[in-house]
Amino acid sequence: MRRLTLLLIFSLVLPSCSGAVTETTTTTTTSTTTTTTTTTTTTTTLPADSTTTTAAVDPMAMIAAGIAGTYTGEWRNTTFGSSGPISATLEVTPDEEMAVTLDVGGFVFGETDPDAELFSFTLADVAAGATMETATFGLLTFSITPLGIMVEALDVPSPSIASLQVVASPGEAGFVGTYVITFEAGGTAEGEFEMVPEG
């Protein structure tokens, strides 16, 4: 009877104990990732700035120096067929002053042979529009145009001449130009001229 009771107790308790004792193991895995960033800095050293100073060259002075000299030639009135000699001496100083001695011979304006005249001016005056008083042509105005150097005399002293307009430019050798005379009584006369270096 005692054995039966022990067997009964074992048969009842053992199954419950075997199910109650359970060991649970939990494993946690931690993964660590390490990122390495490499920065490369390049330093370039440039040479110090250097400044080059160049002397300014006045283009007007270069042109004037290139045409300085004595020139001779002829003027022709293509309207009336008259003509005469013409000469000019151009001098340029280091101070950029220009002196022009002009001698127009023959029957200028259909009248007498005028005396030679001296014109003095600076190159800057010509670029800005120089004016000067003359005995033969009255007040002359000089200006630079795309056609060349324009000379205007809007009040010529001759009683029969109202105005004179001249356009001159460097030619292959020397100077070439044209002119227009306007008469007080109306109408015009046209002409041309050329001068080449003397010698």
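Structure: above.
Residues numbered from 1 in each chain as written. Predicted model: local features only at pLDDT ≥ 70, side-chain atom pairs only at ≥ 80, totals over all residues. Heavy atoms only, no water.

Student: Sorry if this is basic, but what is going on with the overall build of the chain here?
Tutor: If you tally the helices and strands in the chain, you get 3 helices and 10 strands. Listing the helices and strands of the chain from first to last along the sequence gives α-α-β-β-β-β-α-β-β-β-β-β-β. Taken across its 199 residues, the chain has 26% of its residues classed as buried. Excluding contacts between residues fewer than 6 apart, the proportion of contacts in the chain whose partners are at least 24 apart in sequence is 29%. For the chain, the accessible surface area stands at approximately 14,200 Å², while carbon and sulfur atoms represent 58% of it. (Helix = DSSP H or I, 4+ residues; strand = E, 2+ residues; numbered from the N terminus. Buried < 20%, exposed > 50% of the residue type's maximum accessible area, 1.4 Å probe, protein only. Contact = heavy atoms within 4.5 Å. Areas by Shrake-Rupley, 256 points an atom, 1.4 Å probe, with all protein chains shown as cover.)

Student: I keep staring at the nonpolar core and nothing clicks. Help me out?
Tutor: Considering soluble globular proteins, one finds that nonpolar side chains tend to be buried as a cluster. One finds Phe109, Leu140 and Leu164 to be the most contacted residues of the largest nonpolar core, which totals 32 residues. At 4 residues, the largest contribution of residues to this core is made by strand β8 (residues 161-170). Residues within four places of phenylalanine 109 in sequence aside, it is in contact with Thr136, Phe137, Val156, Ile161, Leu164 and Ile181. (Core = buried A, V, L, I, M, F, W, Y, C linked by side-chain atoms within 4.5 Å.)

Student: Looking at this structure, how should I read unusual backbone geometry?
Tutor: The bulk of non-glycine residues show a negative phi, and the bulk of peptide bonds are trans. The phi torsion at phenylalanine 109 lies on the positive side, around 60 degrees, for a residue other than glycine. Looking at the element boundaries, phenylalanine 109 is found in the loop between β3 (97-104) and β4 (117-122). The class of phenylalanine 109 is buried, set by a relative accessible area of 15%.

Student: I tried to follow the pattern of salt bridges on my own but got confused; where do I start?
Tutor: Note on pairing: side chains with opposite charge can pair once their charged atoms come close. In the structure shown here, the tally under the stated rule is 3 salt bridges. Here glutamate 74 and arginine 76 are joined by a salt bridge, their closest N and O atoms 3.1 Å apart. Overall, glutamate 74 belongs to the partly exposed group, its relative accessible area being 33%. Its salt-bridge partner being arginine 76, residue glutamate 194 comes within 2.7 Å of it at the nearest N-O pair. Note that glutamate 194 is positioned in strand β10 (residues 188-197) and arginine 76 in strand β1 (residues 69-77), a separation of 118 residues in sequence. Among the residues examined, glutamate 194 registers a relative accessible area of 30% and is labelled partly exposed. Each of Glu74, Arg76, Glu192 and Glu194 takes part in a single network of salt bridges with overlapping partners. (Salt bridge = Lys/Arg side-chain N within 4 Å of Asp/Glu carboxyl O.)

Student: When you look at the sheet that holds β8 in this model, what are you seeing that I'm missing?
Tutor: On the basis of which strands lie adjacent, the open sheet formed by 10 strands has the order β4-β3-β2-β1-β10-β9-β8-β7-β6-β5 and antiparallel pairing. Looking at strand neighbours, the two that pair on one side only are β4 and β5 (131-134), the edges of this open sheet. Averaged over all pairs of adjacent strands, the angle between their axes in this sheet comes to 20 degrees, without regard to strand direction. (Pairing = 2+ DSSP bridges. Axes fitted to C-alpha atoms, helices over the stretch in contact; angles between N-to-C directions.)

Student: Mind showing me how you'd approach the packing of aromatic side chains here?
Tutor: Each pair of aromatic rings is reported with the distance of its centres and the angle of its planes. Taken as a whole, this structure holds 4 aromatic pairs when the rule is applied. Look at phenylalanine 109 and phenylalanine 137: their rings are 6.0 Å apart centre to centre, the planes differ by 80 degrees, and that puts the pair in the edge-to-face class. Placement of phenylalanine 109 in the loop between β3 and β4 and of phenylalanine 137 in the loop between β5 and β6 (138-145) is noted, with a sequence separation of 28 residues between them. You'll find phenylalanine 109 and phenylalanine 137 in the same group, each marked buried. Seen in terms of ring centroids, phenylalanine 121 and phenylalanine 142 are 5.5 Å apart; in terms of plane orientation they differ by 35 degrees. Their pairing is tilted. (Phe/Tyr/Trp six-rings, centres within 6.5 Å; stacked < 30°, edge-to-face > 60°.)

Read these as layout, nothing more, since geometry by itself doesn't imply function.
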